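# Observations on chain architecture
In case you want the letters, here they are:
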Amino acid sequence: MTKTKITSNSRRRSGNVGLMIPMYVFTILFVALPILYLFLLSFLQRAQVWGVDFTFTLDNYKRILEPLYLDTFWQSLKLAFSATFFVALIGYPYGYFMAKMNAVWKRRMLLLIMIPFWTSALIRLYGWIIVFRSNGVLDKILMGLHLTKQPLKLLYTYPAVVVGMIYSLLPFMILAVYSSAEKLDASLVEASRDLGASAWKAFWTVSFRLTLPGLLSGVVLSFIPSMGLFFIADILGGNKIVLVGSVIQEQITKGRNQPFAAALSAVLMILTSVMIRLYRKITGTSQLEGMM
């Protein structure tokens, strides 16, 4: 019996090692090496005609400090904060109360969240153009309710971009909060109520604090992509709102300045690492809620 158990354990260990080796190879080839290449490229110079001149320089990072690009980073951060705030405001109660539903309604609500992913994000964003354009769906509803007398100019504005960001990022917040709220032990809330806490105080001191990792995970999953979703700003903002992602795309396609684009990308990666580091420090966990 003992010999059989030892044999099964050794087989399990060997199987785990066999699975880990391809995972490490995949990580090195498709994660570590591209990141290393990106950082190395950011310290090179643009060639006169096309390509890269293999000469070490810090000019790409110095150029980021110019007012034009600092303002772009500021606009991207402001948009990311605005979108993340509203995503958290809408997504937290949705994910929290969804976790309290019975199994049938949980599946239904999850299905409603997943259905939009069955179609292209670009097609869904073009649908918002129909909603926001002059004499569009929203204008007809507002004028039909006699809330407005003339069409509103919502398309190609900052609020339209914010709505597009919220629409695209909301599922990540909902799933992160849902994953955290589903693990919540209801007996802890009942115990706080038995000890005399009001419903609001029980939620704030018990439920909210225990689901805070899910909320912060949703903030990370929403804030980081919102700085680089340039296609949303292009479609709903009409090139009036320029994000860091837009600058990176322009430098690669039109400016043919791959080193500068790599430097911008490297700064975004550093900001991403800082956000994840803060999340780990606050929550004391290394895994984002809602991520398998």
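Here's what I pulled together on the structure shown here. (Residues numbered from 1 in each chain as written. Predicted model: local features only at pLDDT ≥ 70, side-chain atom pairs only at ≥ 80, totals over all residues. Heavy atoms only, no water.)

Quick look at a nonpolar patch on the surface now. A grouping of Ile 21, Val 25, Phe 26, Ile 28, Leu 29, Phe 30, Val 31, Leu 33, Ile 35, Leu 36 and Leu 40 is seen on the molecular surface, where their side chains present a nonpolar patch of about 1000 Å² in accessible area. As for its placement among the helices and strands, Phe 30 is situated in helix α1 (residues 2-42). Taking the relative accessible area as the measure of exposure, Phe 30 reaches 54% and is therefore exposed. (Patch = residues over 30% accessible without salt bridge, like charges linked within 9 Å, V, L, I, M, F, W, Y side chains within 5 Å. Areas by Shrake-Rupley, 256 points an atom, 1.4 Å probe, with all protein chains shown as cover. Salt bridge = Lys/Arg side-chain N within 4 Å of Asp/Glu carboxyl O. Helix = DSSP H or I, 4+ residues; strand = E, 2+ residues; numbered from the N terminus. Buried < 20%, exposed > 50% of the residue type's maximum accessible area, 1.4 Å probe, protein only.)

The next subject is the environment of Arg 277. Following the sequence through the fold, Arg 277 ends up in helix α12 (residues 258-283). Judged by relative accessible area, Arg 277 falls into the exposed class, the value being 60%. Separated by 238 residues in the primary sequence, Arg 277 and Phe 39 have C-alpha atoms spaced 20 Å apart.

Within the structure shown, the criterion is met by one salt bridge. In this structure, Lys 106 engages Glu 182 in a salt bridge whose closest nitrogen and oxygen atoms are separated by 3.6 Å. Here Lys 106 is found in helix α4 (residues 103-114), whereas its partner Glu 182 is found in the loop between α7 (158-181) and α8 (186-194), with 76 residues between them in sequence. Taking the relative accessible area as the measure of exposure, Lys 106 reaches 17% and is therefore buried.

In this structure, His 146 takes a positive phi of about 60 degrees despite not being glycine. In this structure, His 146 sits in the loop between α6 (137-144) and α7. The phi dihedral of Arg 256 falls on the positive side, at around 55 degrees, and the residue is not glycine. Residue position: Arg 256 is located in the loop between α11 (244-253) and α12. The class of Arg 256 is partly exposed, set by a relative accessible area of 42%.

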